[in-house]
Amino acid sequence: MAEAVRALREGRLVILPTETVYGLAADASNPQAVAAVYEAKGRPSFNPLIAHVADAAAARRIANFDPRAEALAARFWPGPLTLVMPVLDTAAVCDLARAGLDTVAVRAPAHPLTHALLSNFGGPVVAPSANRSGRPSPTTCADAAEETGDSAAVALDGGACAIGLESTVVSLLDEARLLRPGAVTRAEIEAVIGPLAEAEADARRSPGRLARHYAPNLPVRLDAAAPEADEAYLAFGPSPAGARVFNLSPAGDLKEAAANLFGFLRAADRSGASGIAVAPIPHEGLGEAINDRLKRAAGFVG
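Residues numbered from 1 in each chain as written. Predicted model: local features only at pLDDT ≥ 70, side-chain atom pairs only at ≥ 80, totals over all residues. Heavy atoms only, no water.

Asker: Help me understand the overall build of the protein, please; the structure alone is not making it clear to me.
Answerer: In terms of regular secondary structure, the protein is built from 9 helices and 13 strands. For 302 residues, the compact-globule formula gives about 19 Å, and the C-alpha radius of gyration of the protein, at 18 Å, lands near that figure. In the protein, 69% of the contacts between residues at least 6 apart in sequence involve partners at least 24 apart. When the 28 basic and 34 acidic side-chain charges of the protein are each reduced to a single mean position, those positions are 2 Å apart. (Helix = DSSP H or I, 4+ residues; strand = E, 2+ residues; numbered from the N terminus. Rg over C-alpha atoms; globule rule 2.2 N^0.38 Å. Contact = heavy atoms within 4.5 Å. Lys, Arg positive; Asp, Glu negative; His and termini not counted. Charge placed at Lys NZ, Arg CZ, Asp CG, Glu CD.)

Shown next as structure tokens:
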């Protein structure tokens, strides 16, 4: 932990665990360190990064909280919910981290190792998923190290990620808008602050909105009842066994499917198949986020 804090203060990068996916972290106030994250990921500079903080008190120092933000933070933080709000401290989260926008995306992650790191570091940390841009997000330290380990000074191994999907992103600029679905569902958020509008013009304020985000190397075919010859298959529910069959959840459990999604995409990508077929996934609850990721992996969402 001491080495990780020292690395951040020296402008170096750290691989860290969260309950969602592993992140590649840098001091959010240091443009050179943020640039090193972009370089390591090959990430487009117009795609904003999320500022991770220890708690709501730290978030209030960098973002303008309104009553909706207070209510959502009280209900879901620490946890997998990112809030996009007007920025207050443009030095604490530099322009490069915000992609030049007048807003900042903030969340307080729940993983105890990362909470300890943020508390000891004392400032916001950008920590996009620790994969090369457009690749599936890593949910184990080993996968993170394989993707961007050469660029990190320290890696904290917190075990397998409990959720396995990036955080839900909600904009609170005028109407509350769902910019990216995730583990905190639309219904859960609406129960706290009322109806959510669609992303529309605020979409650019969220990470993960590019067409080929979360994409493996192999082509992805969605809503497939069965694999074709030489395809790997991401199944959901009862399915035949096979060397290239990866069942997201034999029991049809969306939470289990979410946790397995990126790991199985990686496994299918390495299987030697000609492509990846994916079984139909229900759209309710966590299924909305899973289908969103799969459409991006297949290149259907811009």
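There is more to say, and it comes next.
Asker: Teacher, can you tell me more about the nonpolar core here?
Answerer: For soluble globular proteins, nonpolar side chains are generally found buried alongside one another. Judged by nonpolar contacts, the single largest core of 49 residues is most densely connected at Trp77, Leu81, Leu83 and Val106. Looking at this core, the element that brings in the most residues is helix 2 (residues 31-41), giving 5 residues. The residues contacting Val106, other than those within four sequence positions of it, are Ile50, Ala51, Val53, Ala59, Ile62, Ala63, Trp77, Leu81, Thr82, Leu83 and Met85. Formed by 33 residues, the second largest nonpolar core is a distinct cluster that contains Val220, Ala268, Ala273 and Ile281. (Core = buried A, V, L, I, M, F, W, Y, C linked by side-chain atoms within 4.5 Å. Buried < 20%, exposed > 50% of the residue type's maximum accessible area, 1.4 Å probe, protein only.)

Asker: Got a minute to help me understand the pairing of strand 5 (residues 103-107) in this structure?
Answerer: Remember that side chains alternate between the two faces of the sheet whenever the strand is regular. Burial within strand 5 is extensive, with 5 of its 5 residues counted as buried. Bridge count for strand 3 (residues 50-52) against strand 5 is 3 bridges, and the pairing is parallel. If you follow His52 over to strand 5, its bridge partner there is Arg107. Bridging between strand 4 (residues 81-86) and strand 5 involves 4 bridges; their strand directions are antiparallel. Opposite Val84, over in strand 5, you have Ala105 as the bridge partner. (Pairing = 2+ DSSP bridges.)

Asker: Would you mind showing me how to read empty space enclosed by the protein here?
Answerer: Here the idea is plain: a probe the size of a water molecule rolls over the atoms and shows the empty space left. The full count for this structure, using the stated rule, is 3 cavities of 30 Å³ or more. Roughly 50 Å³ of internal volume is contained in the second largest cavity. Lining the second largest cavity, in full, are Pro48, Leu49, Val84, Val93, Arg98, Leu101, Thr103, Val104, Ala105 and Arg205. Top element by residues in the lining of the second largest cavity is strand 5. It accounts for 3 residues. (1 Å grid on protein atoms, 1.4 Å probe; cavity = no way out; pocket = protein on both sides within 12 Å on 5 of 7 lines; lining within 4 Å. Points joined across faces, edges and corners; volume = space filled by probe spheres on them.)

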